[in-house]
Amino acid sequence: MRIHFVIHESFESAGTYLPWAESRNHEVSWTHVYASEPVPANADSFDMLVVFGGPQSPRTTLAECPYFDSLAEQELIRQAINAGRIVVGICLGSQLIGEALGASVGQSPEKEIGHYPITLTEAGQQHPLFSHFGSPLTVGHWHNDMPGLTAETVILAESAGCPRQIVQFSDKVYGFQCHMEFTAEAVEGLIQHSEQELAEAKGRLFIRSVEEMRAHDYREMNQKLWAFLDKLTL
């Protein structure tokens, strides 16, 4: 399978998606947005598109961030969906999927940084791709927004701080507001580039300390994400 990763910042990473893809012998290609690499012109070169997170919003303009072309990414997402490709969005990526489908990004009731449990909805519990998750499941978080919902979108998981943690836009299109791809290395990269954000968020309800984030074991959620990806790509 040909998988294309869209990475928005140098301190963001594909996390556990990359070892999953490599261990399954999938062919991986990249767009490093922060290096002013353009996203593919169409969906012909891949079978699966994974759009990762970033500090931007789908509403961020080129004037505000010259290397981030939200409209170009939304157009690629639409082309991928129309071509029947698998599309997975994480954090900003999930919000871009919603915007591409006409659903405006929303603000989460709470900012969440660190690791906190999500709970599967009834639809999530019955969904074959998520039946192995268990509920609650502790996963990674680093966000203040959440994806918009179309009339067809199904909410599969929620948390105490955010009602849209995992959503299904269609059979092949999923949005993760949470970060099940986090590894210790990925989290460290975010910590190193988020000193001011973490200082400003300190004391809020769903904000872990740097020490707690560094000490957490992310392997369980990684393994459950791998199982989801295996089911999705069968």
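Notes on the structure follow. None of the values given here were measured: they were computed from a predicted structure. (Residues numbered from 1 in each chain as written. Predicted model: local features only at pLDDT ≥ 70, side-chain atom pairs only at ≥ 80, totals over all residues. Heavy atoms only, no water.)

## Side note on helix H2 (residues 70-82)
Under the 1.5 Å per step criterion, the end-to-end length of H2 is 18 Å for 13 residues, consistent within 8% with the ideal 18 Å. Along its buried surface, H2 packs onto strand E1 (2-7), strand E3 (48-51), strand E4 (86-90) and helix H3 (92-100). Glycine 84 occupies a position one or two residues after H2 and carries a positive phi of about 80 degrees. (Helix = DSSP H or I, 4+ residues; strand = E, 2+ residues; numbered from the N terminus. Expected span 1.5 Å × (residues − 1). Contact = heavy atoms within 4.5 Å.)

## Quick notes on the side chain of arginine 85
With respect to the secondary-structure elements, arginine 85 resides in the loop between H2 and E4. Engagement of the side chain of arginine 85 in a polar contact is seen with the backbone oxygen of alanine 43, the distance being 3.1 Å. Of the polar contacts made by the side chain of arginine 85, one reaches the backbone oxygen of alanine 83; its length is 3.2 Å. Every residue in contact with arginine 85, bar those within four places of it in the chain, is listed here: Ala43, Asp44, Phe46, Asp47, Ala80 and Lys172. (Polar contact = N/O pair within 3.5 Å; in protein donor to acceptor, adjacent residues only side chain to side chain.)

## Details of the pattern of salt bridges
Oppositely charged side chains can form a pair if their charged atoms are brought close together. In total, this model carries nine salt bridges according to the counting rule given. Aspartate 47 is paired through a salt bridge with arginine 2; the nearest N and O atoms lie 3.1 Å apart. Taken together, the residues span a long stretch of sequence, with aspartate 47 in the loop between strand E2 (27-32) and E3 and arginine 2 in strand E1 at a distance of 45 residues. Residue aspartate 47 is classed as partly exposed on the basis of its relative accessible area of 28%. Here arginine 214 ties to glutamate 188 by a salt bridge, and the two come within 2.8 Å at their closest N and O atoms. Note that arginine 214 is positioned in helix H7 (residues 210-215) and glutamate 188 in helix H5 (residues 184-192), a separation of 26 residues in sequence. The class of arginine 214 is partly exposed, set by a relative accessible area of 44%. The class of glutamate 188 is partly exposed, set by a relative accessible area of 25%. (Salt bridge = Lys/Arg side-chain N within 4 Å of Asp/Glu carboxyl O. Buried < 20%, exposed > 50% of the residue type's maximum accessible area, 1.4 Å probe, protein only.)

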